[in-house]
Protein chains: 2
Amino acid sequence: MDLTERKKKILRAIIENYIQTAEPVGSKVIAATPGLNVSSATIRNEMADLEALGLLEQPHTSAGRIPSPGGYRVYVNELMEDYRLSVQETRKLNEALHLKMRELDQVIDQAGRVISQLTQYPAFALASGSSRVTIQRFDLLMVSSDSFIIVVMTDTNVVRNRLVRLPSDLSEAQLQLLNTLLNTTFTGLTLDEITPELMRVASHAAGEAYGLISLVVSFAMDVLESLEQRRVHTAGITSLLSHPEYRSLDRAAPLMSYLSEDQDAARFPMPQGDPMEILIGPENVADALKDTSVVVASYDIGDGMRGVIGVVGPTRMDYAKITARLSYFAAGLSRLFEQGSLPPAEETEK
Amino acid sequence: MDLTERKKKILRAIIENYIQTAEPVGSKVIAATPGLNVSSATIRNEMADLEALGLLEQPHTSAGRIPSPGGYRVYVNELMEDYRLSVQETRKLNEALHLKMRELDQVIDQAGRVISQLTQYPAFALASGSSRVTIQRFDLLMVSSDSFIIVVMTDTNVVRNRLVRLPSDLSEAQLQLLNTLLNTTFTGLTLDEITPELMRVASHAAGEAYGLISLVVSFAMDVLESLEQRRVHTAGITSLLSHPEYRSLDRAAPLMSYLSEDQDAARFPMPQGDPMEILIGPENVADALKDTSVVVASYDIGDGMRGVIGVVGPTRMDYAKITARLSYFAAGLSRLFEQGSLPPAEETEK
DNA sequence: TTTTAGCACTCATTCTCCCTGAGTGCTAAT
DNA sequence: ATTAGCACTCAGGGAGAATGAGTGCTAAAA
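Each value, and the rule that gives it
Residues numbered from 1 in each chain as written. Chains lettered and ligands numbered in written order. Predicted model: local features only at pLDDT ≥ 70, side-chain atom pairs only at ≥ 80, totals over all residues. Heavy atoms only, no water. Helix = DSSP H or I, 4+ residues; strand = E, 2+ residues; numbered from the N terminus. Buried < 20%, exposed > 50% of the residue type's maximum accessible area, 1.4 Å probe, protein only. Contact = heavy atoms within 4.5 Å. Areas by Shrake-Rupley, 256 points an atom, 1.4 Å probe, with all protein chains shown as cover. Lys, Arg positive; Asp, Glu negative; His and termini not counted. Charge placed at Lys NZ, Arg CZ, Asp CG, Glu CD. Near = heavy atom within 4 Å. Polar contact = N/O pair within 3.5 Å; in protein donor to acceptor, adjacent residues only side chain to side chain. Nonpolar A, V, L, I, M, F, W, Y, C, P; charged D, E, K, R; others polar. Axes fitted to C-alpha atoms, helices over the stretch in contact; angles between N-to-C directions. Parallel < 35°, antiparallel > 145°, perpendicular 65-115°, else oblique. Pairing = 2+ DSSP bridges. 1 Å grid on protein atoms, 1.4 Å probe; cavity = no way out; pocket = protein on both sides within 12 Å on 5 of 7 lines; lining within 4 Å. Points joined across faces, edges and corners; volume = space filled by probe spheres on them. Phe/Tyr/Trp six-rings, centres within 6.5 Å; stacked < 30°, edge-to-face > 60°. Lys NZ or Arg CZ within 6 Å of the ring centre and 35° of its normal.

S.K.: Sorry if this is basic, but what is going on with the overall build of chain A here?
M.R.: Of regular secondary structure, chain A possesses eleven helices and ten strands. Its C-alpha atoms give chain A principal-axis dimensions of roughly 90 × 45 × 35 Å. Among the 350 residues that make up chain A, the fraction classed as buried is 53%. Taking the contacts inside chain A whose residues are at least 6 apart along the sequence as the reference set, 61% of them involve residues at least 24 apart. Surface accessibility of chain A: about 16,100 Å² in total, with carbon and sulfur atoms responsible for 50%. Side-chain charges of chain A comprise 33 positive and 45 negative groups, with the mean position of each set lying 8 Å from the other.

Here it is as C-alpha cells:
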C-alpha cells in the first residue's frame, strides 16, 4: 500500500487511538497528536482519502472514523512497531512456562489458560498429531493373579497405561508369552494396518490367552486413535465480556457459543507457513469469526508434532502486544519441549 | 411448614408457573388452575398470607408474586413431585454413559460436559481423592541405553507413567537394582512420609544410580500430589446466557467469571450426607452463588474416592427435572466404576 | 496548490414525559 | 368465608426534544 508519510502517520494514529478507546476517532484528537502540525480540517481531508482507499470506515455520517479490516492489515504489515515486553511481563510469562505440567494434554490445556489470562482474550490450544503413529513397544506388568498393567509406548515417545482386571486367573508365564507375541506382531503398525484378520491370526497363536490379545490391542488402538484425533482446548471465553464490543449479548453470545461448541480442531485457523499468523476479520473462513481477529502461533513439540496456540478477540486488538506475548510464549514452549518429550521434574523451580 | 391444603396447592401452582415462565405470576392465572375453584380475590388473600410467611415475594407493588428462596425450599422438600424421565431422556443419558473415556480426569471432565449439555446449565465436576494415597509398586522399563519408563501404581489402583531421558548411559542391571530399592523403600508411604532424610539414605544405598532415585521419587511425589489436589472441571458456562435471568450482562458476568475462575474445589458446595443435595440461593456460602441454586450429586468411584457432579442455575430452576437427571446420571457413573477402576474397553459399544 | 477557519448539517444518544396495562389491596355485598 | 368491584400503583414502552460530537464544503489565507 503506497501512502504518503503523512497519511501513514494519520492512519497509525487513528488505529492506535481506536485500539485504546474502542470509540470512533475524530479529526480533532488526531490533529492534536504530537509531530503532526496540521489542523483538523486537513486531517478531515486526509481521512476522506483514507476512507476512499478502504482503510477507514464511518459507522454513520456524524461519527468519527474506525479502521476497516484492510486498515488493520496495513497497520499490521507496515505500520506497527514491535512491542517491547516489560520486565514484569517476561517474568510472568516465564513463571507460566515453569508450571509443573505433566501429560501433553495437560500442558496444552494449561498453556491455553495461561495465555488467555495473560492476554485477556479467549485462547485456544491444540497439538496437531503426526497422523502416522505406531506402537513401538508393549509391556505387561503383573499386579496380582487377576490383574495386570498394560504399558504401551509409541514411536513418538508417548507412553500410556491401563490397569486391567480379569474374571479368571492368569500366570506369569502366560503374560510373558502374550508380551512377546504383542511385541513381535503389533509393533510398528499404524491404526489402519491393525486389521481384524491380523487380530484373528494373533488370537489363534495366543492359545489360552486369546481373549487378552484383543483386550490389549484394542487399548493400543484407543491410544493411537486418541493421538491422531486432535482436540482443541479453549479457555477464558468469558474474558470476552470485559471488552466493550461484547458488552451486548447479541454480539457476545454467538461467538461464545462458537468457541465453546465442542471441540473440532478444524474450526480454528492454523498458521500456514510462518510460525505466527494474524487473521483479521473477514480473512477468517469461519462465519462466526468474520468480525473477530485471530492471532495464532505454533511451536515445536518434537517427535513430529506441532503445537498451536492462539487467541481470539475483536478486530480492534492490540496486535503489537498480543503478537509479542504470544510469540515469546510459543518460543518458550518450543524450548521447553526441546529437552525431552516433556519437561523433566528438575526443571521446575525449587 | 404447616400449610392448609389449599395454600400448598396455590404455592405449588405459583412456583411451577414461575419456573416455566420466569415472569411474576398473578392471581388471575392461578385462579384458572384446574382443581382450584376459587376466585382471583381469594387467591389474592391467600397470596398475601404466603407472602407474610416468607414464601413469596413481590418485585414491586403492582406485579405478581415470585417464590422466595424459602418458598423453593418448601417446594423442594414437600411439594415437588418426582419427575419421570422420558424414554428419550434415559436413552440420551445412557448414551452419554457409554462414551469411550480413558483416564479418570477425562471421565470427570466429560461427565461435566455431558450433564451441562443435558440440563442446559453450567456444570462442575470433581473427584475428591482419598487423601492418604500411597505408591504400591514401581516398575522401571528400559527403553534404550539412555532412556527408560517409570510406571507407578498407587494403592488406589491409579497407574501413571513417565518417559525419562538421561544424559548418561545406564545398564539393565543398574535399573534392576534401582527398581528393587524403590519397591522396598518407597512403597506404602504417603506424601509426607517421604522425607528428605529417607531420600538421602536411599540415594546412598543406590550407589552409582543415586541421581536416579530422586528423579523417580519426585515423579512419584508428583503423582501423589496430583491425586490429592482436587481440581474442578467446569463446563457449559455459556449456557447461562440462554436463561432470561442472565440476559443482562450485569447479572451474568459476575457468575460466569466466578465459575471460570481457576479451579479450587473448595469454592463449590459438596453433598454432606445424602448422595444428592439442593442448595437454594442464600443457602450457598459463596457470595457469588447467593442468588443461584446448586444441585449436587455424588457417586462412588471406588478405591476410596467419591466423584461429585453438580449444576448451577437460577433459583428458578426446574428442580424436579434436574434432580431426576442428575441422580440417574450419578447412579450410572457409580455403576460404571463398579466394574473395575475404569470402564474396560469391551464396555464401549461396537 | 495546499492549508485552514468557519458554518451548516447529520445523527446517535440521552432525557423527559406520558400512556398503557397488569396486578394489587380494600371494601361492601353475597 | 368468598367474591365482585373499584381505586391505586408502577414497570415498560414510545414519542418527542435537547445535546453534542463530528462531518463536508466553501472561501479565504499561506
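So that's the structure; there's more coming.
S.K.: Please explain the protein's contact with DNA strand D as it appears in this structure.
M.R.: Taken together, 20 residues sit near DNA strand D, with Ser 27 of chain A together with Ser 39, Thr 42, Thr 61 and Ser 62 of chain B positioned nearest. If you look at DNA strand D and keep only atoms within 4 Å of the protein, 77% of those are sugar or phosphate atoms. In this structure, Ser 27 of chain A approaches DNA strand D through a side-chain N or O atom, which is 2.7 Å from a phosphate oxygen. At the level of secondary structure, the elements contributing two or more residues to the surface near DNA strand D comprise α3 (40-52) of chain A together with α3 (40-52) of chain B. Looking at the surface near DNA strand D element by element, the count peaks at four residues for α3 of chain B. Class assignment for the residues of the surface near DNA strand D results in four nonpolar, twelve polar and four charged.

S.K.: Explain the packing of helix α1 (residues 5-21) of chain B against α3 of chain B here, please?
M.R.: The relative placement of two packed helices comes down to the angle between their axes together with the axis-to-axis distance. Residues and elements named next belong to chain B. At their nearest, the axes of α1 and α3 sit 10 Å apart, and the two run at 85 degrees to each other. By the angle between their directions, the pair α1 and α3 is classed as roughly perpendicular. Contacts between α1 and α3 involve Arg 6, Lys 7, Ile 10, Leu 11 and Ile 14 from the former and Thr 42, Ile 43, Glu 46, Met 47, Asp 49 and Leu 50 from the latter. Tallied by class, residues from the contact of α1 with α3 come to six nonpolar, one polar and four charged.

S.K.: What is the right way to read the protein's contact with DNA strand C from this model?
M.R.: As a structural note, the neighbourhood of DNA strand C is formed by 21 residues, with Ser 39, Thr 42, Thr 61 and Ser 62 of chain A together with Ser 27 of chain B the closest of them. Among atoms of DNA strand C positioned within 4 Å of the protein, sugar and phosphate together represent 78%. Arg 44 of chain A places a side-chain nitrogen or oxygen 3.2 Å from a base oxygen of DNA strand C. One of the side-chain N or O atoms of Arg 65 of chain B is found 2.9 Å from a phosphate oxygen in DNA strand C. If you list the elements that add at least two residues to the surface near DNA strand C, you get α3 of chain A together with α3 of chain B. Examining the composition of the surface near DNA strand C, we find that four residues originate from one element, α3 of chain A, more than from any other. In the surface near DNA strand C, the residues fall into four nonpolar, 13 polar and four charged.

S.K.: Before we go on, may I ask you to explain the side chain of Ser 298 of chain B in this structure?
M.R.: Residues and elements named next belong to chain B. Along the chain, Ser 298 turns up in strand β9 (residues 292-302). Within the structure, the side chain of Ser 298 is placed 2.6 Å from the side chain of Arg 306, a separation counted as a polar contact. Not counting residues up to four positions away in its chain, the partners in contact with Ser 298 are Pro 271, Pro 275, Arg 306, Gly 307, Val 308 and Ala 330.

S.K.: Quick question: what am I supposed to make of the sheet that holds strand β10 (residues 305-314) of chain B here?
M.R.: Think of a sheet as strands paired side by side through backbone hydrogen bonds, with each pair either parallel or antiparallel. Residue and element names in this part refer to chain B. Pairing within the open sheet is antiparallel, and its five strands lie in the order β7-β3-β10-β9-β8. What marks the edges here is a single partner per strand, and that holds for β7 (233-235) and β8 (276-280). Averaged over all neighbouring strand pairs, the angle between strand axes comes to 20 degrees, with direction disregarded.

S.K.: Would you mind going over the sheet that holds strand β6 (residues 159-165) of chain B with me for this structure?
M.R.: Residues and elements named next belong to chain B. In space, the three strands of this open sheet follow the order β4-β5-β6, with antiparallel pairing throughout. Of all strands in the sheet, those with a lone pairing partner are β4 (135-144) and β6, marking the two edges. Adjacent strand axes in the sheet meet at a mean angle of 20 degrees when their direction is disregarded. Where β4 lies against strand β5 (residues 147-154), eight bridges are found, and the strand directions are antiparallel. Looking at the pairing, Leu 140 lines up with Ile 150 of β5. Of the strands in this sheet, β4 and β5 touch helix α7 (residues 172-185), which is tilted by about 170 degrees from β4.

S.K.: What should I look at first to understand the pairing of strand β6 (residues 159-165) of chain A in this one?
M.R.: Along a regular strand, successive side chains alternate from one face of the sheet to the other. Residue and element names in this part refer to chain A. In terms of residue burial, β6 counts as a mostly covered element, since six of its seven residues are buried. Sheet topology places strand β5 (residues 147-154) next to β6; seven bridges connect them, and they run antiparallel. Residue Phe 148 lies in a different strand from β6, and its bridge partner there is Val 164.

S.K.: When you look at the environment of Met 47 of chain A in this model, what are you seeing that I'm missing?
M.R.: Residue and element names in this part refer to chain A. Assignment of secondary structure puts Met 47 in helix α3. Of the residues examined, Met 47 reaches a relative accessible area of 1% and is grouped as buried. For Met 47 and Ala 265, which are 218 residues apart along the polypeptide, the C-alpha to C-alpha distance reads 41 Å. Not counting chain neighbours up to four residues away, the residues in contact with Met 47 comprise Ile 14, Val 25, Gly 26, Ser 27, Leu 56 and Arg 65.

S.K.: Can you help me understand the layout of surface pockets in this one?
M.R.: Any empty space left between atoms is shown by rolling a water-sized probe over those atoms. All names here are of chain B. What the second largest pocket holds in volume is close to 480 Å³. At the level of secondary structure, the elements contributing two or more residues to the lining of the second largest pocket comprise β2 (66-67) and α4 (69-79). In the lining of the second largest pocket, the residues fall into ten nonpolar, four polar and eight charged.

S.K.: Please explain the packing of aromatic side chains as it appears in this structure.
M.R.: The description of an aromatic ring pair uses the distance of the two centres, along with the angle that the planes make with each other. Applying the stated criterion to the full structure yields eight aromatic pairs over all chains. Between the aromatic rings of Tyr 258 of chain B and Phe 268 of chain B, the centroid separation amounts to 6.4 Å while the plane-to-plane angle is 55 degrees, which identifies the pairing as tilted. Residue Tyr 258 of chain B is found in helix α10 (residues 249-260), and its partner Phe 268 of chain B is found in the loop between α10 and β8; the two are separated by ten residues along the sequence. The same class applies to Tyr 258 of chain B and to Phe 268 of chain B, which are both buried. Grouped by ring-pair contacts, the aromatic residues Phe 124, Tyr 258 and Phe 268 of chain A constitute a single cluster. Over the aromatic face of Tyr 258 of chain A sits the side chain of Arg 267 of chain A, whose NZ or CZ is 4.6 Å from the ring centroid.

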